[in-house]
Amino acid sequence: MLKIGDFSKLSRVSIRMLRHYDEIGLLVPASTDPFTGYRYYSESQLPTAGRIAALREMGFGLAAIADILKQDDDPEVLARYLRLRQLELVGLAEDTARRLRLLETAMERLRKESNMRYNVVLKTLPERYAACVRMTIPSYDREGDVWGVLCGETEHLRLQPTDPCYCSVVFHDEGYKESDVDVEAQKTVKGQYPDTEHVRFRTLPAVTFASCTYQGSYDKIGAVNEAVAAWVEANGYTYDGPMFNIYHVSPHETQNQEEFVTEVCYPVRKK
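Worth saying up front: this structure is predicted, and the values here are computed from it rather than measured.

### Some words on the environment of Gln45
Link 1 in the chain: Within the element layout of this structure, Gln45 appears in the loop between strand S3 (39-41) and helix H3 (46-57).
Link 2 in the chain: In this structure Gln45 comes out as buried when scored by relative accessible area, which is 13%.
Link 3 in the chain: A sequence separation of 134 residues divides Gln45 from Ser179, and the C-alpha atoms of the two residues are 81 Å apart.
Link 4 in the chain: With residues near it in sequence (within four places) discarded, Gln45 still touches Phe7, Leu27, Val28, Pro29 and Ala30.
Link 5 in the chain: Only 3.5 Å separates the side chain of Gln45 from the backbone nitrogen of Ala30, close enough to count as a polar contact.

Below, the structure written as structure tokens:
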């Protein structure tokens, strides 16, 4: 029989952990002196201690290790646990690689910019119900015309906004337009409403997008677009639909342009 200290040295498991394993029933001493409380282990328990140490090195929790040891005579149990742990580690490796790419992109931007004013993240908007108006307007600065139609034609309906409410404009043109801009205003709402002359109520599909939220006037959108484009290229994405802006604080809430909060959104997918 081995004293706990000797067993600790041979098994390379700390005394503290051996006591914990005893408390939870994972590795119980072969005998315990009823008078002194000293724990004694058998040499035959060394392989079990080695198995526990090996499984812990693989990242298994103690509960999973206990389950594996209970069914130690069934190799399929161990194989199943190993496969599951492998899948977890692959997912973790992919997530780590993604985070490393984000860090590399940030460091590259930091080398090019005196400061990183615009931060880009990946987001997903779930499926949502919205009041929508699609129109061709003379120029981008006439976007308010679309909102005028949406608000004017739905005022009598007393729309109930969602919480949070997303007020956005989708730019359907393939590229920049000097005139005749195809835009669609969307406001998420609760309930069901009848269509009006120009307003259509419909369920919008979920969308994954590269997002950059900034505060200030709309003159900054050009620089924000550049930041999003750099992020999309650096992180292995490609564009997957028309870009849109979400207006968190707009001229509807304030006339001070420096208080505007706009989220520039580009739908994307992995290359």
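### Describing the side chain of Arg128
Link 1 in the chain: Position of Arg128 relative to the elements: it lies in strand S5 (residues 128-137).
Link 2 in the chain: As a buried residue without a salt bridge, Arg128 has its nearest oppositely charged side chain in Glu127, at a separation of 8.1 Å.
Link 3 in the chain: Here the side chain of Arg128 touches Pro126 through a polar contact of 3.1 Å, landing on its backbone oxygen.
Link 4 in the chain: Setting aside residues up to four positions removed in sequence, Arg128 forms contacts with Thr188, Arg202, Thr203, Leu204, Pro205, Ala206 and Val207.

### A word on the packing of aromatic side chains
Link 1 in the chain: This model, assessed by the stated rule, comprises eleven aromatic pairs.
Link 2 in the chain: Judged by centre distance (6.2 Å) and plane angle (70 degrees), the ring pair of Phe60 and Tyr81 falls under edge-to-face. With Phe60 in the loop between H3 and helix H4 (62-70) and Tyr81 in helix H5 (residues 75-112), the pair connects residues that are 21 residues apart, well separated along the chain.
Link 3 in the chain: Phe60 sits in the buried class, given a relative accessible area of 9%.
Link 4 in the chain: Consider the rings of Phe209 and Phe244, whose centres lie 5.4 Å apart with planes at 65 degrees: the pair is edge-to-face. Residue Phe209 is found in strand S10 (residues 207-215), and its partner Phe244 is found in strand S12 (residues 244-249); the two are separated by 35 residues along the sequence.
Link 5 in the chain: Clustering of aromatic rings is evident, with ring pairs tying together Tyr129, Tyr193 and Phe201.

### Looking at the sheet that holds S3
Link 1 in the chain: Read across the sheet, three strands follow the order S1-S3-S2 without closing on themselves; strand pairing throughout is antiparallel. One side of each edge strand has no neighbouring strand; the edge strands of this open sheet are strand S1 (2-3) and strand S2 (31-32).
Link 2 in the chain: Two strands pair when backbone bridges link them, and S1 and S3 are joined in this way by two bridges, in the antiparallel orientation. If you follow Leu2 over to S3, its bridge partner there is Tyr41.

### Here we look at unusual backbone geometry
Trans peptide bonds make up most of the peptide bonds, and negative phi angles are found at most residues other than glycine.
Link 1 in the chain: Between Asp163 and the following residue, Pro164, the backbone shows a cis peptide bond with an omega angle of 5 degrees.
Link 2 in the chain: Here Pro164 is to be found in the loop between strand S6 (160-161) and strand S7 (167-171).
Link 3 in the chain: A positive phi angle is found at Arg12, which is not glycine, with a value near 60 degrees.
Link 4 in the chain: Residue position: Arg12 is located in the loop between helix H1 (4-11) and helix H2 (15-24).

### Considerations on the pairing of strand S8 (residues 181-190)
Link 1 in the chain: In terms of residue burial, S8 counts as a mostly covered element, since eight of its ten residues are buried.
Link 2 in the chain: Bridging between S5 and S8 involves eight bridges; their strand directions are antiparallel. The partner of Val133 across the bridge, within S8, is Ala185.
Link 3 in the chain: Here two bridges tie S6 to S8, and the two strands are oriented antiparallel to one another. The residue bridging Pro161 from the neighbouring strand is Val189, located in S8.
Link 4 in the chain: Note: S7 against S8, five bridges, orientation antiparallel. Residue pairing across strands places Ser168 opposite Gln186, the latter belonging to S8.

### Concerning the side chain of Glu143
Link 1 in the chain: Looking at where Glu143 falls in the secondary structure, it is placed in the loop between S5 and helix H6 (144-154).
Link 2 in the chain: Buried Glu143, no salt bridge; nearest opposite-charge side chain is Arg142, N-O distance 11 Å.
Link 3 in the chain: Only 2.7 Å separates the side chain of Glu143 from the side chain of Tyr247, close enough to count as a polar contact.
Link 4 in the chain: Beyond its immediate sequence surroundings of up to four residues, Glu143 is in contact with Ile137, Val169, Phe171 and Tyr247.

Here is what the cut-offs are and how they apply
- Residues numbered from 1 in each chain as written.
- Predicted model: local features only at pLDDT ≥ 70, side-chain atom pairs only at ≥ 80, totals over all residues.
- Heavy atoms only, no water.
- Helix = DSSP H or I, 4+ residues; strand = E, 2+ residues; numbered from the N terminus.
- Buried < 20%, exposed > 50% of the residue type's maximum accessible area, 1.4 Å probe, protein only.
- Contact = heavy atoms within 4.5 Å.
- Polar contact = N/O pair within 3.5 Å; in protein donor to acceptor, adjacent residues only side chain to side chain.
- Lys, Arg positive; Asp, Glu negative; His and termini not counted.
- Salt bridge = Lys/Arg side-chain N within 4 Å of Asp/Glu carboxyl O.
- Phe/Tyr/Trp six-rings, centres within 6.5 Å; stacked < 30°, edge-to-face > 60°.
- Pairing = 2+ DSSP bridges.

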